[in-house]
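Coordinates in review
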Amino acid sequence: MKMQRKTRQRQLILDAIQARCDHPSAGEIYLDVRKIDSKISRGTVYRNLNVLVKQGKILHIKLPYKDRYEPIKQPHYHFRCSICGAIADVPLPYDKDLDDRTAKESGFIVESHRIIFEGFCIDCQRKKSITK
Ligand SMILES: [Zn+2]
Ligand SMILES: [Zn+2]
């Protein structure tokens, strides 16, 4: 019985992440899950996020100020807005060649690389009338 609740909670958390495409933070995921299961604790959500990352079901994007999560999909790059902190996917193909070149030059086994571009998102450009 106890096991079942655990599994259900984890599924709720996974569903909450999959329902959003804005790379939610742990706190935002907690608030979403709370709407469905009012008894779930912040600790349970945080613990399950770690489990889901270990199971390879979600991706943990480590950022300087805030950790974000998203469903696993094709490798891709991210953009972070320096003003509002929004995270978005970048429509640029993943450069597998960079992994191969790095492996060749270093002798390391390279599994992947991550890139986070930084600057101003479209909304913030409009609000602050920033031009390139
Ligand atoms: Zn912004
Ligand atoms: Zn992404």
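Keep in mind that this is a model prediction, so the values were computed, not measured.

1. Brief notes about the domain arrangement of the chain
Note on interface size: it is often stated as the accessible area lost on association of the parts. By the assigned domains, the chain splits into domain 1 (2-71) and domain 2 (77-128). The centre of domain 1, based on its C-alpha atoms, is set 23 Å off from the matching centre of domain 2. With five residues of domain 1 at the interface, the matching set in domain 2 holds four residues. For the side of domain 1 that touches domain 2, the class distribution of residues is two nonpolar, one polar and two charged.

2. Notes on the pairing of strand S4 (residues 87-90)
Where strand S3 (residues 77-81) meets S4, four bridges bridge the pair, whose relative direction is antiparallel. Its bridge partner lying in S4, Tyr77 is registered against Val90.

3. Considering the confidence of the model for the chain
Confidence in the prediction for the chain averages 90 pLDDT; 94% of positions are at 70 or higher. When the elements of the chain are averaged for pLDDT, helix H1 (residues 2-18) gives the smallest value, 88, and helix H4 (residues 96-106) the largest, 96.

4. Points about the environment of Asp95
Following the sequence through the fold, Asp95 ends up in the loop between S4 and H4. According to the C-beta neighbour criterion, Asp95 is partly exposed, with 13 such atoms within 10 Å. A sequence separation of 21 residues divides Asp95 from Gln74, and the C-alpha atoms of the two residues are 12 Å apart.

5. A closer look at the nonpolar core
One finds Ile13, Leu14, Ala16, Ile17, Ile29, Tyr30, Val33, Val45, Leu49, Leu52, Ile58 and Tyr69 forming the largest nonpolar core, which totals 12 residues. Among the elements of the structure, H1, helix H2 (26-36) and helix H3 (42-54) are those that each provide at least two residues to this core. Take this core: its biggest share by element is four residues, from H1. When near neighbours in sequence (up to four residues on either side) are disregarded, Val45 contacts Ile13, Ala26, Ile29, Tyr30, Val33 and Ile40.

6. Here's the deal with the packing of H2 against H3
Two elements in contact, H2 and H3, have axes separated by 10 Å at closest approach and are oriented at 120°. When the axes of H2 and H3 are compared, the pair comes out oblique. In terms of crossing hand, the pair formed by H2 and H3 is right-handed. Listed contacts from H3 to Ala26, Ile29, Tyr30 and Val33 of H2 are Arg42, Val45, Tyr46 and Leu49. Within the contact of H2 with H3, the residues separate by chemical class into seven nonpolar, no polar and one charged.

7. Side note on H2
Taken as a whole, H2 has its buried residues at Ile29, Tyr30 and Val33. In a view along the axis of H2, the buried residues occupy a sector of 100°, so they form one face of it.

8. So, unusual backbone geometry
Of note, the phi angle at His23 is positive, near 55°, even though the residue is not glycine. Counting through the fold element by element, His23 comes out in the loop between H1 and H2. Here His23 falls in the buried class, since 22 other C-beta atoms lie within 10 Å of it.

9. What about the pairing of S3?
Taking the residues that link successive antiparallel strands as the turn, the S3-S4 hairpin has five residues, and the phi of Gly85 there is positive, at about 80°. Note: S3 against strand S5 (residues 116-119), four bridges, orientation parallel. Bridged to Phe79 within S5 is Phe117.

Rules and cut-offs
Residues numbered from 1 in each chain as written. Chains lettered and ligands numbered in written order. Predicted model: local features only at pLDDT ≥ 70, side-chain atom pairs only at ≥ 80, totals over all residues. Domains from an automatic or database assignment. Contact = placed C-beta atoms within 7 Å. Nonpolar A, V, L, I, M, F, W, Y, C, P; charged D, E, K, R; others polar. Pairing = 2+ DSSP bridges. Helix = DSSP H or I, 4+ residues; strand = E, 2+ residues; numbered from the N terminus. pLDDT = per-residue confidence, 0-100. Buried ≥ 20, exposed ≤ 12 C-beta atoms within 10 Å, placed from the backbone. Core = buried A, V, L, I, M, F, W, Y, C linked by C-beta atoms within 7 Å. Axes fitted to C-alpha atoms, helices over the stretch in contact; angles between N-to-C directions. Parallel < 35°, antiparallel > 145°, perpendicular 65-115°, else oblique. Left-handed = near helix turned anticlockwise from the far one by under 90°. Arc of directions from axis to C-beta.

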